[in-house]
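Below, each chain spelled out in residue letters.
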Amino acid sequence: MTKPARSRSDRGSASLEVAILMPMVLLIVFGVVQGAVWYHARTVATAAANEAAAAARAENASTGQGSAAAQTVLSRNSDVLRDSNVSVSRDAETVTVTVTGKAAVILTNWRIFNISQTVTSPRERITSPEDN
């Protein structure tokens, strides 16, 4: 099998194709990696909110204990979820925790990806059989 002969007008066309397609391929690759980083940051925020809710839902617990539990998770993942903030609130029956932050950005010119995850959990409390 022989290769078809190239005409003079086809010379350099492969370089031109690579020059046009390579930025698009790199943009797609960076987009996939940035999506994975955003998803991981979202998972970290959810884990921190779950830990805070678990700590704050005990009968004699405080919102400070919930915040401390969330900060423990966030401190281990500070490179993934930046500028994080934890909000814990308790009422008579529920505990609500909201963790917010910004996902790490791969390229500096991309917009910041804000993350916000909320977990609501029932409070543990002692009840008598008559309450049921």
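Here, the structure is the one placed above.
Heads up: these notes are all about the structure in this document. (Residues numbered from 1 in each chain as written. Predicted model: local features only at pLDDT ≥ 70, side-chain atom pairs only at ≥ 80, totals over all residues. Heavy atoms only, no water.)

With respect to the overall build of the chain
Of regular secondary structure, the chain possesses two helices and three strands. Counting from the amino terminus, helix and strand elements in the chain follow one another as α-α-β-β-β. For the chain, the share of sequence-separated contacts (at least 6 apart) that also reach a separation of at least 24 residues comes to 56%. Working note: accessible area of the chain is about 9200 Å², and carbon and sulfur atoms make up 55% of it. (Helix = DSSP H or I, 4+ residues; strand = E, 2+ residues; numbered from the N terminus. Contact = heavy atoms within 4.5 Å. Areas by Shrake-Rupley, 256 points an atom, 1.4 Å probe, with all protein chains shown as cover.)

Points about the side chain of Q117
Inspection of the secondary structure assignment puts Q117 in strand β3 (residues 113–122). The class for Q117 is buried, based on a relative accessible area of 16%. Excluding its chain neighbours within four sequence positions, the residues that come into contact with Q117 are R42, A45, T46, A49, V97, T98 and V99. (Buried < 20%, exposed > 50% of the residue type's maximum accessible area, 1.4 Å probe, protein only.)

As for a nonpolar patch on the surface
Together, L16, V18, I20, L21, M22, M24, V25, L26, V29, F30, V33 and L107 line one region of the surface with nonpolar side chains, adding up to about 1000 Å² of accessible area. By secondary structure assignment, the location of L26 is in helix α1 (residues 13–56). The class for L26 is partly exposed, based on a relative accessible area of 42%. (Patch = residues over 30% accessible without salt bridge, like charges linked within 9 Å, V, L, I, M, F, W, Y side chains within 5 Å. Salt bridge = Lys/Arg side-chain N within 4 Å of Asp/Glu carboxyl O.)

Points about the pattern of salt bridges
In this structure the tally under the stated criterion is one salt bridge. Taking the shortest distance from any N to any O, the salt bridge between E124 and R57 comes out at 3.8 Å. Of this pair, E124 sits in the segment after β3 while R57 sits in the loop between α1 and α2 (63–76); the two residues are 67 residues apart in sequence, bridging distant segments of the chain. Under the relative-accessibility criterion, R57 is labelled partly exposed at 26%.

Overview of the pairing of strand β1 (residues 81–90)
Inspection of the sheet shows β1 paired to strand β2 (residues 94–103) by eight bridges, in the antiparallel sense. Counterpart to R90 in the pairing with β2 is V95. (Pairing = 2+ DSSP bridges.)

Examining the sheet that holds β1
With respect to topology, three strands assemble into an open sheet ordered β1-β2-β3, the strand pairing being antiparallel. Edge positions in the sheet fall to β1 and β3, since each has one partner strand and no second. Averaged over all pairs of adjacent strands, the angle between their axes in this sheet comes to 10°, without regard to strand direction. Here α1 sits on the sheet in contact with β1, β2 and β3, set at roughly 30° to β3. (Axes fitted to C-alpha atoms, helices over the stretch in contact; angles between N-to-C directions.)

So, the packing of α1 against α2
One can describe the packing of α1 onto α2 by two numbers: an axis separation of 7 Å at closest approach and a directional angle of 150°. Considering their axes alone, α1 and α2 lie roughly antiparallel with respect to each other. Two packed elements cross with a definite hand, and for α1 against α2 that hand is right-handed. Residue-level contacts link V44, A47, A48, E51, A52, A55 and A56 of α1 to Q65, G66, A69, A70, V73 and L74 of α2. Classifying every residue of the contact of α1 with α2 gives ten nonpolar, two polar and one charged. (Parallel < 35°, antiparallel > 145°, perpendicular 65-115°, else oblique. Left-handed = near helix turned anticlockwise from the far one by under 90°. Nonpolar A, V, L, I, M, F, W, Y, C, P; charged D, E, K, R; others polar.)

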